[in-house]
Amino acid sequence: MKAIFEGLVLIGAIGSLGKYLGFEFLKENSLWFLIILVMGLVGRTIFARIGHTESNTTK
């Protein structure tokens, strides 16, 4: 689950920064990339506050 949120943050950040680099596709869809970035950041914050451990750790 953490990897999904990290991926959303990465995609959102690339899309948001790409808007300023002049890519036409990213300029047209910048709102979607901003929404993806916010969803990833909020999800990652909630995930961290709940305190989930990694699934590959041993007890």
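Bear in mind the structure is a predicted one, so any value in this text is a computation, not a measurement.

Novice: So what exactly am I meant to see when it comes to the overall build of the chain here?
Specialist: Scanning the chain from N- to C-terminus turns up 3 helices and 0 strands. Along the chain direction, N to C, the helices and strands of the chain fall in the order α-α-α. Residue burial in the chain is summarised as follows: out of 59 residues, 22% are buried. With the model as given, the accessible surface of the chain reaches about 4800 Å², and the carbon-plus-sulfur share is 68%.

Novice: Explain the pattern of salt bridges here, please?
Specialist: It is possible for side chains of opposite charge to pair when their charged atoms get near one another. Counted by the stated rule, this structure contains 1 salt bridge. In this structure, R44 engages E6 in a salt bridge whose closest nitrogen and oxygen atoms are separated by 3.5 Å. In this pair, R44 sits in helix α3 (residues 30–50) while E6 sits in helix α1 (residues 2–21), placing the two residues 38 residues apart along the sequence. Residue R44 is classed as partly exposed on the basis of its relative accessible area, which comes to 32%.

Novice: Can you help me understand a nonpolar patch on the surface in this one?
Specialist: A cluster of nonpolar side chains, contributed by L31, W32, L34, I35, V38, M39, V42, I46 and I50, occupies part of the molecular surface with about 890 Å² of accessible area. Examined against the element boundaries, I35 turns out to sit in helix α3.

Novice: Can you walk me through α3 in this structure?
Specialist: Helix length check: α3, at 21 residues, gives a terminal C-alpha distance of 30 Å against a target of 30 Å (1.5 Å per residue), a fit within 8%. The set of residues buried in α3 consists of S30, F33, L37, G40, G43 and F47. Angularly, the buried residues of α3 cover 160 degrees about the axis, an arc narrow enough to put them on a single face. Of the exposed residues in α3, the ones pointing more than 90 degrees away from its buried face are L31, R49 and I50. Tucked into the core, α3 has its buried residues touching α1 and α2 (24–28).

What counts and what doesn't
- Residues numbered from 1 in each chain as written.
- Predicted model: local features only at pLDDT ≥ 70, side-chain atom pairs only at ≥ 80, totals over all residues.
- Heavy atoms only, no water.
- Helix = DSSP H or I, 4+ residues; strand = E, 2+ residues; numbered from the N terminus.
- Buried < 20%, exposed > 50% of the residue type's maximum accessible area, 1.4 Å probe, protein only.
- Areas by Shrake-Rupley, 256 points an atom, 1.4 Å probe, with all protein chains shown as cover.
- Salt bridge = Lys/Arg side-chain N within 4 Å of Asp/Glu carboxyl O.
- Patch = residues over 30% accessible without salt bridge, like charges linked within 9 Å, V, L, I, M, F, W, Y side chains within 5 Å.
- Expected span 1.5 Å × (residues − 1).
- Arc of directions from axis to C-beta.
- Contact = heavy atoms within 4.5 Å.

These figures capture arrangement, not role.
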